[in-house]
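# Fold and geometry: a report
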Amino acid sequence: MASALANAKRIFPSGWISKPVAMRPLALILAGLLLGPAFVSSAIGQRSGRELLKAGQEALRRGDSAMAEASWQAAIRMDSRLDSAYYALARLLWSRNPERHRREARRLLDRALRLQPDNLTYRLLELEIRAFEAERAGLQVLADGRLRLLLKRIEELGGYNTAPVQYALGMLQLRAWRRLHNAYETAPEPLEERIRGMGASSLRAAFDPEFWHARRQRVLRLQSAAEEARRAAIAHLETALQLDSLYRDAYLALGRLHLEARDLSGAASVFERFSRNLPADGLAWLGIGVVRHFQKRFAEAEDAFRGALTLLDAETRRALQDISLLREPDAPPEDPERFWVQQDPFLLTAHNERQLEHYARVGYATLVYTTPRSGVPGWKTDRGRLVIRYGLPLREVLQRPQLEGGYQPAYLFWDYGSFALAFEERLGGDGFVLFAPKAGDDPEVIRWLNMPALEAELRRKMPSTYRFIPAGGLFELTHRVYYFRSDSGATEVVHLYGIPIRLRPGQREVSHIPGAVFRLGFFLEDSLGRRRYTYQERMRRLPTDQLRIVDGRSLWVGISPHSVPPGTYRAAFELYDETLQMAGIEHGPLSVPRFSDDQLAISSLLLAEQVSEEPLGGPVWHRSPYWILPAIGERFQRHHPLYVYWEVYGLQPDERGRYEVEVEYTILEQVGSSSEAPDRPPGRQGARISARLPVSFPQPTGRYYVTLDLASLPAGAYVLLLHLRDSKGREAHARTRFLLQ
């Protein structure tokens, strides 16, 4: 023994054997190979093969796979008939990398099977390895003769009535479904040869099976076989769960199958059973959150994600909370809390739908793209990272070469509408990796597919994509904003909005619209994302006298004034129909002007259906001494008068103490916007009318309206300009636009 240690010290560098524990297993393995069992026995200890087998199992539980491998190698050297050591080594190597260690794992497993040919656990690993080899050889897995014989052998051993066998059979069918789902069979040729010379204009045809059929490529639709495999996979996995309701891997496989097939009700059932039987498993709650989010049940999704975050491992929790994939590669660090506040797409709800979408994307990637063979979490794979950034594609197409003459990689295409991504199949790893074009490939093809060699380049080209759509959908938000000065001197933002109403017969004749419940929200945030103004209102029993027909739609018109400090904001106008779960949303910049006492200024020009000094019915805004019925739309009839209401501030008296101004109105036709008047003769100049009039006010703030007769103007788009000059020679301007029909 002493000579063996002396030889080891001569072979390895000085101090190597006394290196930290993390480096010792490699030394032990190399020493065992070079110096034989004497050194291994000395280094690991004078223990029996059974003791070494147990020591390896304990090391693996601690996460020290190198020490586990060294212990099992030593156990085999101590006892060459220790079948469980051969199996443990085969399973370890197979889980590390099936492609690299396939032959060695198979050799070790064969030794175990020679010693224990009727061991069902060993036969299940053999089933997994043979299925991989069949795929690698380009064979239909379930049609492989050797695999069928193995399945018969397992049946003879009575294993069909055990959960592990049913799970293994389900996984075989699941893998068959994943190879056939959304797939078209094409001639075996590399992707770069298939698309070279096609050009960007015709590349979209690569998604269409008729394109290949027209070129006699023997395109075969494989959906029938895929559906058969899917049903069989569900049956086997459900049987496994009936035999063992705590079979975690069966829940995960079945949930993954339903998610990939977009069967949300099936996925919900699986993950709910998962959470009932294994309530401390974070992946069960993560699955519920993903499904509920896809079903647009956002409050339930938020509860499930909150539960998952308390139960998941630290690495998955960090992935859920990481925002780096949503930002540009070179962007400076940003506070996640502030980031999510700025990303919230719908402020009327208590939850942040964009943050929930991120959790759902990370959860989907974790549940669907995690491969047990590689051990790589799904959110770390190419597909997982791209789903987190861009969401699920609009369409997914798998082009699989004809299964003849050995394995050929398949190519997966994700179509996002404005761009596409392509992935190349990799056996024994993450399944599919982002396809990187070779030098000399058609640059137009590369540009259209957005398949750069570096993912960071893709992230620079294509920003993260997301669009919030509530359960009932989105409706067009009709609204207008006007700025006035309040009696207190603050700026008053007047928000005029229209709520789309679907009237049933007879509802217009009643005083209130039954069953209609809406929420209105008006929010302002500064440049740092801090909320500066919030207004929310819940409305029901809407009076029918405020209904208007605008562009063929029935709108209930409302007016809400807001006293807001001057400044530049990010504004959010939101309407939510609680009955239909529909929303109208508009976010954008808003500049609120300041109206001072010593500066001449004009308010917004408010276009109205009527202005009167007597009370009016309908959606009226009272601005003493006037009652104003604002127009919610931009279209006006030529044979109806147009009312224009405005206010002036900061007037100064003349030498007689009067506040007088000269007002000029100018209406200009926008000839370039002739879509409203397609019959206009070519070359005709745009119409123009103008008028001047003096106006006198009793105080520095004046309120005024004018009635315009537009009957002489042709249909089209117009701009109304108001120019004001006071007795001191100061000037102010305002403008607005409208359409005549």
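What counts, and where the lines are drawn
- Residues numbered from 1 in each chain as written.
- Predicted model: local features only at pLDDT ≥ 70, side-chain atom pairs only at ≥ 80, totals over all residues.
- Heavy atoms only, no water.
- Helix = DSSP H or I, 4+ residues; strand = E, 2+ residues; numbered from the N terminus.
- Buried < 20%, exposed > 50% of the residue type's maximum accessible area, 1.4 Å probe, protein only.
- Contact = heavy atoms within 4.5 Å.
- Areas by Shrake-Rupley, 256 points an atom, 1.4 Å probe, with all protein chains shown as cover.
- Pairing = 2+ DSSP bridges.
- Axes fitted to C-alpha atoms, helices over the stretch in contact; angles between N-to-C directions.
- Core = buried A, V, L, I, M, F, W, Y, C linked by side-chain atoms within 4.5 Å.
- Phe/Tyr/Trp six-rings, centres within 6.5 Å; stacked < 30°, edge-to-face > 60°.
- Polar contact = N/O pair within 3.5 Å; in protein donor to acceptor, adjacent residues only side chain to side chain.
- pLDDT = per-residue confidence, 0-100.
- Left-handed = near helix turned anticlockwise from the far one by under 90°.
- Nonpolar A, V, L, I, M, F, W, Y, C, P; charged D, E, K, R; others polar.
- Salt bridge = Lys/Arg side-chain N within 4 Å of Asp/Glu carboxyl O.
- Parallel < 35°, antiparallel > 145°, perpendicular 65-115°, else oblique.

Looking only at helices and strands, one finds 24 helices and 25 strands in the chain. Burial analysis of the chain (741 residues in total) assigns 51% to the buried set. Excluding contacts between residues fewer than 6 apart, the proportion of contacts in the chain whose partners are at least 24 apart in sequence is 66%. Of the roughly 34,700 Å² of accessible surface on the chain, a fraction of 50% belongs to carbon and sulfur atoms.

This part is about the environment of Pro-470. By the element assignment, Pro-470 lies in the loop between helix 24 (455-461) and strand 7 (478-485). You can call Pro-470 buried: its relative accessible area is 4%. A C-alpha to C-alpha distance of 6.8 Å links Pro-470 and Lys-296, two positions 174 residues apart in sequence. When neighbours within four sequence positions are excluded, Pro-470 is seen to be in contact with Lys-296, Gln-581, Met-582 and Ala-583.

For the rest of this paragraph, the subject is the sheet that holds strand 22 (residues 688-697). Ordered in space as 19-25-24-21-22, the five strands form an open sheet in which the pairing is mixed. Only two strands of the sheet have a single neighbouring strand rather than two, namely strand 19 (635-636) and strand 22. Sheet topology note: the strand 21 (residues 659-669)/strand 22 ladder contains ten bridges and is antiparallel. The partner of Glu-660 across the bridge, within strand 22, is Ser-696.

Attention now goes to the pairing of strand 21. Taking burial as the measure, the eleven residues of strand 21 include eight buried ones, the bulk of the element. Alignment of strand 21 against strand 24 (residues 716-726), held across nine bridges, turns out to be antiparallel. Considered in strand 24, the bridge of Val-663 is made with Leu-724.

Spatially, the four strands line up as an open sheet ordered 7-8-12-11, and their pairing is antiparallel. In this open sheet, the two strands that pair with only one neighbour each are strand 7 and strand 11 (547-550). Direction aside, neighbouring strands of the sheet carry axes that sit 35° apart on average. Note that strand 7 and strand 8 (residues 491-500) share eight bridges and pair antiparallel. Bridge pairing in strand 8 places Thr-478 opposite Gly-498.

Counting residues in hydrophobic clusters, the biggest one holds 79 residues, and the most contacted among them are Tyr-167, Leu-259, Phe-271, Phe-305, Trp-414, Leu-421 and Phe-423. When residues in this core are grouped by element, the largest group, nine residues, is from helix 21 (residues 353-369).

This part covers the packing of aromatic side chains. For the coordinates displayed, the defined rule picks out 27 aromatic pairs. Note on Tyr-643 and Tyr-705: the rings are 6.3 Å apart at their centroids and 35° apart in plane angle, and the pair reads as tilted. Taken as a pair, Tyr-643 in strand 20 (residues 642-649) and Tyr-705 in strand 23 (residues 702-708) lie far apart in primary sequence, 62 residues in all. We classify Tyr-643 as buried; its relative accessible area is 15%. In textbook terms, an aromatic cluster arises when at least three aromatic residues are bridged by ring pairs, as seen for Phe-484, Trp-621, Tyr-626, Tyr-643, Tyr-645 and Tyr-705.

Okay, the side chain of Ser-275 next. Considering the arrangement of structural elements, one finds Ser-275 in helix 16 (residues 264-277). Looking at Ser-275, its side chain comes within polar contact range of the main-chain oxygen of Glu-272, at 2.8 Å.

The subject of this paragraph is helix 22 (residues 382-390). In terms of residue burial, helix 22 counts as a mostly covered element, since eight of its nine residues are buried. For helix 22, every residue scored as buried is listed here: Asp-382, Arg-383, Gly-384, Leu-386, Val-387, Ile-388, Arg-389 and Tyr-390.

Here the chain averages 79 in pLDDT, and 77% of its residues register 70 or above. Here residues 212-220 is a poorly scored stretch, pLDDT under 50, and it has 21 contacts once near neighbours within four places are set aside; other chains count. Below a pLDDT of 50 lies the segment residues 444-454, which in the model reaches 32 contacts outside its immediate sequence neighbourhood of four places, other chains included.

Bringing the packing of helix 15 (residues 248-260) against helix 21 into the picture now. For any two helices packed against each other, the geometry comes down to the angle between their axes and how far apart the axes lie. At a closest axis distance of 9 Å, the pairing of helix 15 and helix 21 adopts a crossing angle of 120°. In the crossing of helix 15 with helix 21, the sense of the turn from one axis to the other is left-handed. Facing Leu-252, Arg-256, Leu-259 and Glu-260 of helix 15, the residues of helix 21 in contact are Tyr-364, Leu-367 and Val-368. A breakdown of the residues in the contact of helix 15 with helix 21 according to their chemical character gives five nonpolar, no polar and two charged.

Right, let's talk about the pattern of salt bridges for a bit. Per the stated rule, a full pass over the model turns up 40 salt bridges. In this structure, Arg-106 engages Asp-110 in a salt bridge whose closest nitrogen and oxygen atoms are separated by 3.6 Å. Remark: Asp-110 and Arg-106 occur in helix 7 (residues 98-115); sequence separation between them is four residues, near one turn of the helix. Under the relative-accessibility criterion, Asp-110 is labelled partly exposed at 27%. A salt bridge links Arg-231 to Glu-227, with the nearest nitrogen and oxygen atoms 3.5 Å apart. Remark: Glu-227 and Arg-231 occur in helix 14 (residues 223-243); sequence separation between them is four residues, near one turn of the helix. It is possible to trace a salt-bridge network through shared partners that takes in Asp-487, Glu-492, Arg-623, Glu-647 and Arg-703.

Here Thr-381 is to be found in the loop between helix 21 and helix 22. Given a relative accessible area of 1%, Thr-381 falls into the buried group. Polar contacts involving the side chain of Thr-381 include one to the main-chain amide nitrogen of Gly-384, which spans 3.1 Å.

Time to look at the environment of Gly-472. Here Gly-472 lies in the loop between helix 24 and strand 7. Distance from Gly-472 to Leu-580, taken between C-alpha atoms, is 5.8 Å for residues 108 residues apart in sequence. Leave out the neighbours within four places in its chain, and Gly-472 touches Leu-580, Gln-581 and Met-582.

Further remarks concern unusual backbone geometry. Ser-624 connects to Pro-625 through a cis peptide bond whose omega is 10°. Take Pro-625: it is sitting in the loop between strand 17 (621-623) and strand 18 (626-630). Residues other than glycine seldom take positive phi values, yet Lys-296 does so here, at roughly 65°. Assignment of secondary structure puts Lys-296 in the loop between helix 17 (282-294) and helix 18 (298-311). In this model, Arg-541 sits at a positive phi of 50°, which is unusual for a non-glycine residue. Among the structural elements, Arg-541 can be located in strand 10 (residues 531-543).

Once that is clear, we can look at the packing of helix 10 (residues 163-180) against helix 14. Where helix 10 contacts helix 14, the axes come no closer than 7 Å and their chain directions differ by 160°. What the angle tells us is that helix 10 and helix 14 run roughly antiparallel. For the pair helix 10 and helix 14, the sense of crossing is left-handed. The residues of helix 14 that touch helix 10, namely those facing Ala-163, Gln-166, Tyr-167, Leu-169, Gly-170, Gln-173, Leu-174, Ala-176, Trp-177 and Leu-180, are Gln-223, Ala-225, Ala-226, Ala-229, Arg-230, Ala-232, Ala-233, His-236, Leu-237, Thr-239, Ala-240 and Leu-243. Of the residues assigned to the contact of helix 10 with helix 14, the class counts are 15 nonpolar, six polar and one charged.

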